Amino acid sequence: MLSIFDEIPARERVIVALDCPRDEALSLAEALRGHATWLKVGMTLYYSCGPSIVAELREKGFKVFLDLKLHDIPHQVRGAAAAAARSGADMLTMHASGGPEMLGAGRDGALRGSAERGEDGIVTLGITVLTSMDASALSSVGVSRAPEEQVALLADVAKRAGISGVVASPREASALRSVLGDRAYIVTPGVRPEGSEKGDQSRVSTPSEAFRAGASHIVVGRPITQAKDPVQAFERICGEIS
């Protein structure tokens, strides 16, 4: 199924994950300036630097995917999402397993924080099943469904809550695109170029496979950030996709 994202250039749909210390993250950002559009700030970097890292990356001209995976009572998530949006985040994650009320609170908080910055909006995403988890890992925490079934269930929760889309592995992207429609964001981590190590990921695909399956954006970390030449690695991925 086609989506509204299919005509957007590849380099504007590849999110580079900066899961590293501040100095390294800023060095990578400087190198990728003029090449990448999106950078991901996850827990490692955000908990080390706080909201200032989002502002610094925005000042360099990047869009920031703030991957904090919020999961708490609705009141707390509403406040946290508002603060995250005020910091400059363009995209924010919450665990879909928190339920529709929590997701709705996060959506409202994020929109409020974005408006307070004088901006039009922010992309809100529900985390479905972490790409490091397989059926055995789900079973260990009491989930008897197969990963793709659990992803579908949580995607439906996110859709009913009215948020922008979901985070899921590339393997579920095709089914999700059919269910969520052509305007939903489907952001897929667990993306590895052909020949790359899987690392701690279980459900992976190549960049081209992820986009063909219906992903709106892909997240790539170590294959770019730990490459001898991160810019060359980024451009190679964009070239393969194109």
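Thresholds applied
Sequence order sets the numbering: in each chain, residues are counted from 1 along the sequence as written. Residues qualify for local features only when their pLDDT is at least 70, as the model is predicted, and side-chain atom pairs are given and counted only at 80 or more; totals for whole chains, interfaces and linings, by contrast, use all residues. To get the side-chain values, take all heavy atoms of the structure and skip hydrogens and water. Helix and strand assignments follow DSSP, with helices taken as H or I runs no shorter than four residues and strands as E runs no shorter than two, numbered in order from the N terminus. Only C-alpha atoms enter the radius of gyration, while the globule expectation follows 2.2 Å times N to the 0.38, with N the number of residues. A simple rule labels every residue: compare its accessible area, found with a 1.4 Å probe on the protein chains alone, to the largest value its type can have, and call it buried under 20%, exposed over 50%, or partly exposed in between. Any two residues having at least one pair of non-hydrogen atoms within 4.5 Å are treated as being in contact. All accessible-area figures derive from a Shrake-Rupley calculation using a 1.4 Å probe, and residue coverage is judged against the displayed protein chains alone. As used throughout, the charge tally considers Lys and Arg to be positive and Asp and Glu to be negative, leaving His and the chain termini uncounted. Every charge is mapped onto a representative atom, which is NZ of Lys, CZ of Arg, CG of Asp or CD of Glu. Note on definitions: salt bridges are taken to be side-chain nitrogens of Lys or Arg within 4 Å of carboxyl oxygens of Asp or Glu. By definition, two strands form a pair when at least two bridges between them are found by DSSP. Only C-alpha atoms enter the line fits that serve as axes; for helices the fit covers just the stretch in contact. Angles between N-to-C directions range over 0 to 180 degrees. In plain terms, two cysteine sulfur atoms within 2.5 Å form what is called a disulfide here. The term nonpolar core refers to a set of buried residues drawn from Ala, Val, Leu, Ile, Met, Phe, Trp, Tyr and Cys, joined through side-chain atoms within 4.5 Å. Think of it this way: a Phe, Tyr or Trp ring, Trp meaning its six-membered ring, pairs with another when their centres are within 6.5 Å, and the plane angle makes it stacked under 30 degrees, edge-to-face over 60, tilted otherwise. Angle categories: roughly parallel below 35 degrees, roughly antiparallel above 145, roughly perpendicular from 65 to 115, and oblique for all the rest. Two helices that cross are described as forming a left-handed crossing if the nearer one is turned anticlockwise from the farther one by less than a right angle, and a right-handed crossing if clockwise. Three categories are distinguished: nonpolar for Ala, Val, Leu, Ile, Met, Phe, Trp, Tyr, Cys and Pro, charged for Asp, Glu, Lys and Arg, and polar for the others, with Gly belonging to the last.

**Q** Give me the overall build of the protein chain: which residues, what numbers.
**A** Looking only at helices and strands, the protein chain has 11 helices and 8 strands in total. Computed over its C-alpha atoms, the radius of gyration of the protein chain comes to 17 Å, within 12% of the 18 Å expected for a compact globule of 242 residues. Taking the principal axes of the C-alpha coordinates as reference, the protein chain spans close to 40 × 40 × 35 Å. Expressed as a percentage of the 242 residues in the protein chain, the buried residues total 53%. Counting only contacts in the protein chain whose residues sit at least 6 apart along the sequence, the fraction spanning at least 24 positions is 68%. Here the protein chain has roughly 10800 Å² of accessible surface; of this, 47% comes from carbon and sulfur atoms. Treating the 27 positive side-chain charges of the protein chain as one cloud and the 30 negative ones as another, the clouds have centres 1 Å apart.

**Q** Could you give me a rundown of the pattern of salt bridges, with the residues and numbers involved?
**A** Counting across every chain of the model gives 15 salt bridges. Across the pair R22 and E56 runs a salt bridge whose closest N-O atoms are separated by 2.7 Å. Of this pair, R22 sits in helix α1 (residues 22–32) while E56 is found in helix α3 (residues 52–59), placing the two residues 34 residues apart along the sequence. On the accessibility criterion, E56 (21% relative accessible area) is partly exposed.

**Q** Lay out the sheet that holds strand β2 (residues 38–41) with the relevant residues and their values.
**A** Strands sit in the order β1-β2-β3-β4-β5-β6-β7-β8 around a closed barrel of 8 strands; the barrel is parallel. The sheet shows a mean angle of 25° between the axes of neighbouring strands, direction not considered. By the bridge criterion, 3 bridges tie strand β3 (residues 63–70) to strand β4 (residues 91–95) in an arrangement that is parallel. In the sheet register, L66 faces β4, and the bridge partner there is L92. Of the strands in this sheet, β3 and β4 are in contact with helix α4 (residues 74–86), which crosses β3 at around 165°.

**Q** Report on the state of the cysteines, specifying residues and quantitative values.
**A** Applying the stated criterion across every chain yields a total of 0 disulfides. Here C20 stays unpaired: no disulfide links it, and the sulfur of C49, its closest cysteine neighbor, is 9.3 Å away.

**Q** Describe the nonpolar core, listing the residues and the values that go with them.
**A** L18, I53, L57, L66 and L103 are the most contacted members of the largest nonpolar core, which totals 66 residues. Per-element tally for this core: the top contributor is helix α7 (residues 147–161), with 6 residues. Aside from chain neighbours lying at most four places away, what touches I53 is R22, L26, V41, L45 and Y46. Of all hydrophobic cores here, the second largest spans 11 residues; its members include A17, F65, V123 and I127.

**Q** Pulling in residues and values, what's your account of the packing of aromatic side chains?
**A** Enumeration according to the criterion identifies 1 aromatic pair in this entry. Ring centres 4.8 Å apart and planes at 65° place the aromatic pair F5 and Y185 in the edge-to-face group. Placement of F5 in the segment before β1 (14–17) and of Y185 in strand β7 (residues 185–188) is noted, with a sequence separation of 180 residues between them. Accessibility expressed as a relative area gives 3% for F5, which makes it buried.

**Q** Break down the side chain of S3 for me, with residues and values.
**A** Within the secondary structure, S3 sits in the segment before β1. The contacts of S3, once residues within four sequence positions are left out, are R177 and D182.

**Q** Residue-level account of the packing of α1 against helix α11 (residues 230–241), with values.
**A** Packed helices, taken two at a time, are described by the angle between their axes plus the distance between the axes. Here α1 crosses α11 at 55°, and the two axes come no closer than 9 Å. As judged from the angle between their axes, α1 and α11 are oblique. Between α1 and α11 lies a crossing whose hand is right-handed. Contacts between α1 and α11 pair L28, A31 and L32 from the former with P230, V231 and F234 from the latter. Here the contact of α1 with α11 is composed, by residue class, of 6 nonpolar, no polar and no charged.

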